[in-house]
Amino acid sequence: MLEHLKTAEEVLQQVSGAVLGKDDQIKTIMAAFLAGGHVLLEDIPGVGKTTLAMSFAGAMGLNCKRVQFTPDVMPSDLTGFSVYSRENDKFVYQEGAVFCNLLLADEINRTSPKTQSALLEVMEERKVSVEGVTREVPSPFLVIATQNPLGSIGTQALPEAQTDRFMVNLSLGYPDEKSELEIARTVGKYSRTESVHAVCTPEIFCEMQDDIHNIFIKDEIYNYILQLVCATRNHDYIEHGASPRATISMVRMSKAYAWLCGRGYVIPSDVQTLLPGVLRHRISLSATAKMNGAGRDDVIASIIKNVRTPYMGAGK
């Protein structure tokens, strides 16, 4: 376990060297990957989302593919299709973009609902069904999807059933001045991702994912997670609360985050740190919240404040 933790820290260092000033988001994304989840990034173009995905793939030695989602992208572009082979006198299956370890689904909210549905099955089942045949995608299979803010040209809101499949929803935001200055100073012939080298393999990463199951959670923490999620279901500012999938995601994420911190157990601060990313895309604000100018993060912060934090003893 200690050897795997050292490897995970090296992965984080590699990615942080390519994406400057975003250590917290990078650590959260790593935790989501270790927990077997997918990541949804919502941001304006040009803040490093593609660089982030490529850096993770490079550092972990994963096979990465990128799909630029536009209205004309078809489901078969993702799942694959069969073409007639004159040499063999039969139809031969051609794999689609999802047959990889890390899929970067760029600007996912610009494509058609049918194409989004095709991605939905493989995200949940790690399988694709084409022409009556079900095929498994490589392991691990992870998705980083980006979406432009609603209101941007050509965008549409993702269905709740699809956003719920993402373990976390994050925003990179603009870099701080120090980091952006460093980015400017290092502009050159080569991209920052070319400095990233593999410190892991897909097989070792799968072993890391298995390590997460050994992290201990006390009953008080389980109850704390449940109370936080349930608080979204009877809040005046929330029209639709989080589903039980949010509870499951919080448990998995908390274990992965504690493992990354070098602990064999989860503490309340792990839960509080991760809660916004896990809940942000799973709640719908009510008209009352919008009238009072409250955002989703404001509502989640109020839930953390109002739900009693369990006492875990000194240092915990």
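Each value, and the rule that gives it
- Sequence positions are assigned chain by chain, starting from 1 and proceeding in written order.
- Only residues with pLDDT of at least 70 get local features here, since the model is predicted, and only at 80 or more are side-chain atom pairs given and counted; chain-wide, interface and lining totals rely on the full set of residues.
- Hydrogens are left out, water is left out, and the side-chain values use all remaining heavy atoms of the structure.
- A run of DSSP states H or I qualifies as a helix once it reaches four residues; a run of E qualifies as a strand once it reaches two. Both are numbered from the N-terminal end.
- Summary of the burial criterion: residues with accessible area below 20% of their type's maximum are buried, those above 50% are exposed, and those between are partly exposed, where the area comes from a 1.4 Å probe applied to protein chains only.
- It only takes one pair of heavy atoms within 4.5 Å for two residues to be counted as in contact.
- In this count, Lys and Arg are taken as positive residues and Asp and Glu as negative ones, while His and the chain termini are left out.
- By convention, charge coordinates are those of NZ in Lys, CZ in Arg, CG in Asp, or CD in Glu.
- One bridge is not enough; two strands pair if DSSP finds at least two bridges between them.
- Lines fitted to C-alpha atoms define the axes, with helix axes restricted to the stretch in contact, and inter-axis angles between N-to-C directions lie between 0 and 180 degrees.
- Angles are sorted into four bins: roughly parallel if under 35 degrees, roughly antiparallel if over 145, roughly perpendicular if 65 to 115, and oblique for all others.
- Each helix crossing is assigned a hand: it is left-handed if the near helix lies turned anticlockwise from the far helix by less than a right angle, otherwise right-handed if that turn is clockwise.
- Each residue receives one of three labels: charged for Asp, Glu, Lys and Arg, nonpolar for Ala, Val, Leu, Ile, Met, Phe, Trp, Tyr, Cys and Pro, and polar for the others, Gly being one of them.
- Here a salt bridge means any side-chain nitrogen of Lys or Arg lying within 4 Å of a carboxyl oxygen belonging to Asp or Glu.
- What we call a nonpolar core is a set of buried Ala, Val, Leu, Ile, Met, Phe, Trp, Tyr and Cys residues that are connected through their side-chain atoms within 4.5 Å.
- Counted as a polar contact is a pair of N or O atoms within 3.5 Å, where, for protein atoms, one must be capable of donating a hydrogen and the other of accepting one, and residues adjacent in sequence contribute only when both atoms are in side chains.

(A) Expanded view of the overall build of the protein. A tally of regular secondary structure across the protein gives 13 helices and eleven strands. Summarising its shape, the C-alpha atoms of the protein cover approximately 70 × 45 × 40 Å along the three principal directions. The 316 residues of the protein split such that 50% are buried. In the protein, of all internal contacts separated by at least 6 residues, the share reaching a separation of at least 24 is 78%. In the protein, which carries 31 positive and 37 negative side-chain charges, the distance between the mean positions of the two groups comes to 2 Å.

(B) Quick peek at the environment of Ile304. Inspection of the secondary structure puts Ile304 in helix α13 (residues 296-306). For Ile304 and Leu40, which are 264 residues apart along the polypeptide, the C-alpha to C-alpha distance reads 22 Å. Not counting the four nearest positions on each side in its chain, Ile304 is found in contact with Tyr224, Leu228, Gln272 and Leu275.

(C) Fine view of the sheet that holds strand β9 (residues 168-170). One open sheet holds the five strands; their spatial order is β2-β5-β8-β1-β9, and the pairing between them is parallel. Looking at the sheet topology across the chains shown, the edges are occupied by β2 (64-68) and β9. In this sheet, adjacent strand axes meet at a mean angle of 15° when their direction is disregarded.

(D) How the structure looks around the side chain of Thr79. For Thr79, the location among the structural elements is in helix α4 (residues 75-79). A relative accessible area of 12% places Thr79 in the buried class. In contact with Thr79, other than residues within four places in its own chain, are Tyr93, Gly96, Val98, Phe99, Ala118, Val128 and Val130.

(E) Spotlight on the packing of helix α1 (residues 2-18) against helix α2 (residues 23-34). It is the contact of α1 with α2, at a shortest axis distance of 10 Å, that shows an interaxial angle of 135°. What the angle tells us is that α1 and α2 run oblique. Considering the relative orientation of α1 and α2, their crossing is right-handed. Of the residues in α2, those in contact with Ala8, Val11, Leu12, Val15 and Ser16 of α1 are Asp23, Ile26, Lys27 and Met30. Taken together, the residues of the contact of α1 with α2 break down into six nonpolar, one polar and two charged.

(F) Main features of the packing of helix α9 (residues 219-230) against helix α10 (residues 244-260). With their axes 10 Å apart at the nearest point, α9 and α10 run at an angle of 135° to one another. Taken together, the axis directions place α9 and α10 in an arrangement best described as oblique. In the packing of α9 onto α10, the handedness of the crossing is right-handed. Together, Tyr222, Ile225 and Val229 of α9 and Ala246, Thr247, Met250, Val251, Ser254 and Lys255 of α10 make up the contact between the two elements. For the contact of α9 with α10, the residue count by class is six nonpolar, two polar and one charged.

(G) Looking closely at the pattern of salt bridges. For the structure shown, the criterion picks out seven salt bridges. Where Asp106 meets Arg66, a salt bridge forms, and the shortest distance between an N and an O atom there is 2.7 Å. Residue Asp106 is found in strand β5 (residues 102-106), and its partner Arg66 is found in strand β2; the two are separated by 40 residues along the sequence. Given a relative accessible area of 41%, Arg66 falls into the partly exposed group. Asp270 is the salt-bridge partner of Arg263, the closest N and O atoms lying 2.8 Å from each other. Here the two residues Arg263 and Asp270 agree in accessibility, since each one is buried. Taken together, the shared-partner salt bridges in this structure form one network comprising Asp164, Arg245 and Arg282.

(H) A look at the nonpolar core. Counting 73 residues, the largest nonpolar core has Met30, Phe33 and Phe56 as the members making the most contacts within it. Among the elements that make up this core, the one with the highest residue count is α10 (nine residues). Contacts of Met30, omitting those with residues within four sequence positions, involve Ala8, Val11, Leu12, Phe56, Met60, Phe205 and Leu260. Leu78, Tyr93, Ala118 and Phe141 belong to the second largest nonpolar core, which has 25 residues in total.

(I) Spotlight on the side chain of Arg282. Here Arg282 shows up in the loop between α11 (268-279) and β11 (284-285). What makes Arg282 buried here is its relative accessible area of 7%. A polar side-chain atom of Arg282 sits 3.3 Å from a polar atom in the side chain of Ser249.

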